Amino acid sequence: MKIKRILSICLPLAALVLEILPESAVLYFGNPDGEPFRETYSYFSLVPFGYADFGPFITAILTCLLLLLAVIACFKYSRGLNIAIMNVSGFAAAAALLPLMFGVRYMTPVGFIIVLLLAGTFGCCFIKEK
């Protein structure tokens, strides 16, 4: 297998594993004492989605689609499929950055690593197949 095919499967797979972890998405809730408390969730949890933090769940769905496209591209490569992988990974990386609209404290280090892995998948699409 070529390095591009290995990277196009391993990077979204690593992102998916990190998205499953329960410390990926962050929400802050009010406390009667005035100090907000922090709760962390998986990207697949609908709790952040219900509190208007749409980025993690959309990122999780797009990562699953990206992994499916990468596995299909491993067996049958086409230019159109490469463009689809590039678009899905770009949108997934952008969706993973959506919690930054609420502030930097809404992103965990795991969230930043997920963004880097999805951006790496996006960059991997520019490697030429020989």
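A. Expanded view of the overall build of the protein chain. Each helix and strand in the protein chain was counted, giving five helices and two strands. Ordered by position from the N terminus, the helices and strands of the protein chain form the series α-β-β-α-α-α-α. Projecting the C-alpha coordinates of the protein chain onto the three principal axes gives extents of approximately 60 × 20 × 20 Å. Counting the 130 residues in the protein chain, one finds 42% classified as buried. Long-range contacts, defined here as pairs at least 24 residues apart, represent 59% of the contacts in the protein chain between residues at least 6 apart. Surface accessibility of the protein chain: about 7200 Å² in total, with carbon and sulfur atoms responsible for 72%. Averaged over its 9 positive side-chain charges, the protein chain has a centre that lies 27 Å from the centre of its 7 negative ones.

B. How the structure looks around helix H3 (residues 55-75). Across its 21 residues, H3 extends 31 Å between first and last C-alpha, which sits within 8% of the 30 Å expected from 1.5 Å per residue. For H3, the full list of buried residues reads Gly55, Pro56, Thr59, Ala60, Leu62, Thr63, Leu66, Leu67, Leu69, Ala70, Ala73 and Cys74. In this structure, the buried residues of H3 make contact with helix H1 (3-20), strand E1 (25-29), helix H4 (79-96) and helix H5 (109-124).

C. Region of interest: the side chain of Asn82. Within the fold, Asn82 resides in helix H4. For Asn82, a relative accessible area of 14% gives the class buried. Those residues in contact with Asn82, other than ones at most four positions away along the chain, are Lys4, Tyr77 and Cys125.

D. Representation of the packing of H4 against H5. The contact between H4 and H5 brings their axes to 8 Å, and the two run at 160 degrees. On the basis of their axis angle, the class for H4 and H5 is roughly antiparallel. Crossing angle aside, the handedness with which H4 passes H5 is left-handed. Along its contact with H4, which presents Ile85, Met86, Ser89, Gly90, Ala92, Ala93 and Ala96, the element H5 presents Val115, Leu118, Ala119, Thr121 and Phe122. Residues belonging to the contact of H4 with H5 are distributed by class as follows: nine nonpolar, three polar and no charged.

E. Highlighting the packing of H1 against H5. Interhelical geometry of H1 versus H5 gives an angle of 160 degrees and a closest axis separation of 9 Å. Taken together, the axis directions place H1 and H5 in an arrangement best described as roughly antiparallel. Seen from above, H1 lies across H5 with left-handed handedness. Two secondary-structure elements touch here, H1 through Lys4, Leu7, Ser8, Leu11, Pro12, Ala14, Ala15, Leu18 and Glu19 and H5 through Val110, Ile113, Ile114, Leu117, Leu118, Gly120, Thr121 and Cys124.

F. Local environment of the nonpolar core. The biggest cluster of nonpolar side chains holds 24 residues, and the ones touching the most others in it are Ile85, Ile114 and Leu118. Those elements giving two or more residues to this core turn out to be H1, H3, H4 and H5. Dropping the residues within four chain positions of it, Leu118 is found in contact with Ala15, Glu19, Thr59, Thr63, Leu66, Ser89, Ala92, Ala93 and Ala96. Ile9, Leu16, Leu67 and Cys74 belong to the second largest nonpolar core, which has five residues in total.

Each value, and the rule that gives it
Residues numbered from 1 in each chain as written. Predicted model: local features only at pLDDT ≥ 70, side-chain atom pairs only at ≥ 80, totals over all residues. Heavy atoms only, no water. Helix = DSSP H or I, 4+ residues; strand = E, 2+ residues; numbered from the N terminus. Buried < 20%, exposed > 50% of the residue type's maximum accessible area, 1.4 Å probe, protein only. Contact = heavy atoms within 4.5 Å. Areas by Shrake-Rupley, 256 points an atom, 1.4 Å probe, with all protein chains shown as cover. Lys, Arg positive; Asp, Glu negative; His and termini not counted. Charge placed at Lys NZ, Arg CZ, Asp CG, Glu CD. Expected span 1.5 Å × (residues − 1). Axes fitted to C-alpha atoms, helices over the stretch in contact; angles between N-to-C directions. Parallel < 35°, antiparallel > 145°, perpendicular 65-115°, else oblique. Left-handed = near helix turned anticlockwise from the far one by under 90°. Nonpolar A, V, L, I, M, F, W, Y, C, P; charged D, E, K, R; others polar. Core = buried A, V, L, I, M, F, W, Y, C linked by side-chain atoms within 4.5 Å.

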